[in-house]
Amino acid sequence: QVQLAESGGGLAQAGGSLRLSCAASARTFTTYTMGWFRRAPGKEREFVAALGWRAKDVYDVRYSDSVKGRFTISRDSAKNAFFLQMDSLKPEDTAVYYCAARNGAFTWRDTLYNYWGQGTQVTVSS
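First, a word on what this report is: a plain description of the structure on this page. As the structure is a prediction and not an experimental result, all values here were calculated from the model. All residue numbers refer to position in the chain's written sequence, counted from 1. At least 70 in pLDDT is required for a residue's local features to be given in this predicted model, at least 80 for side-chain atom pairs to be given and counted, and no such filter applies to totals for whole chains, interfaces and linings, which use all residues. In computing side-chain properties, one takes all heavy atoms of the structure into account and sets aside hydrogens as well as water.

## Observations concerning the pairing of strand β4 (residues 33-39)
Burial within β4 is extensive, with 6 of its 7 residues counted as buried. When DSSP finds two or more bridges between two strands, those strands count as paired. Helix numbering and strand numbering both begin at the N terminus, where a helix is a DSSP run of H or I of at least 4 residues and a strand a DSSP run of E of at least 2. When β4 meets strand β9 (residues 95-102), the two strands line up antiparallel, connected through 7 bridges. What sits directly across from R38, in β9, is Y97. Exposure is judged per residue with a 1.4 Å probe applied to protein chains only, and the accessible area is read against the type maximum: over 50% gives exposed, under 20% gives buried, and values in between give partly exposed.

Written out as structure tokens, the structure is:
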């Protein structure tokens, strides 16, 4: 079983940056696929970014078209954590952001993730 907790959300100006963190309880976190999802007001949850393990020192990475080139997902296995660096923020990035993980193959499909954090609010002003 894995417990996840997000942090780092807040208020940013358009064009600014925020860095979200996700702390994981599992000691086997290095073999997990991890992802970030978000839910904007009145909308369904959507995929943001995912990072998976394929082989030693090799990872699968995928971003949604809306954040590609602006957001970066990364991990620090020694700290049992992964991150979402958000640059060039836009008002449409405003949402509750959730980190997620699964002990399985790389995927961007939210229904295949087993473990979820409680979310952290990101608000971007115009």
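And the narrative resumes.
## A few points about the pairing of strand β11 (residues 120-125)
Here β11 shows one buried face, formed by T120, V122 and V124, and one open face, formed by Q121, T123 and S125. Note that strand β2 (residues 10-13) and β11 share 4 bridges and pair parallel. Residue G10 lies in a different strand from β11, and its bridge partner there is V122. Two strands pair when backbone bridges link them, and β9 and β11 are joined in this way by 3 bridges, in the antiparallel orientation. Along β11, the bridge assignment pairs Y97 with T120.

## Some words on the environment of R75
Locating R75 in the fold gives a position in strand β7 (residues 71-76). Residues R75 and C22 lie 53 residues apart in sequence; the distance between their C-alpha atoms is 9.2 Å. Between N or O atoms, a polar contact is any pair within 3.5 Å; within protein, one atom must be a potential hydrogen donor and the other a potential acceptor, and residues adjacent in sequence are included only when both atoms are from side chains. Of note is the side chain of R75, whose polar atom sits 3.4 Å from the backbone oxygen of Y32.

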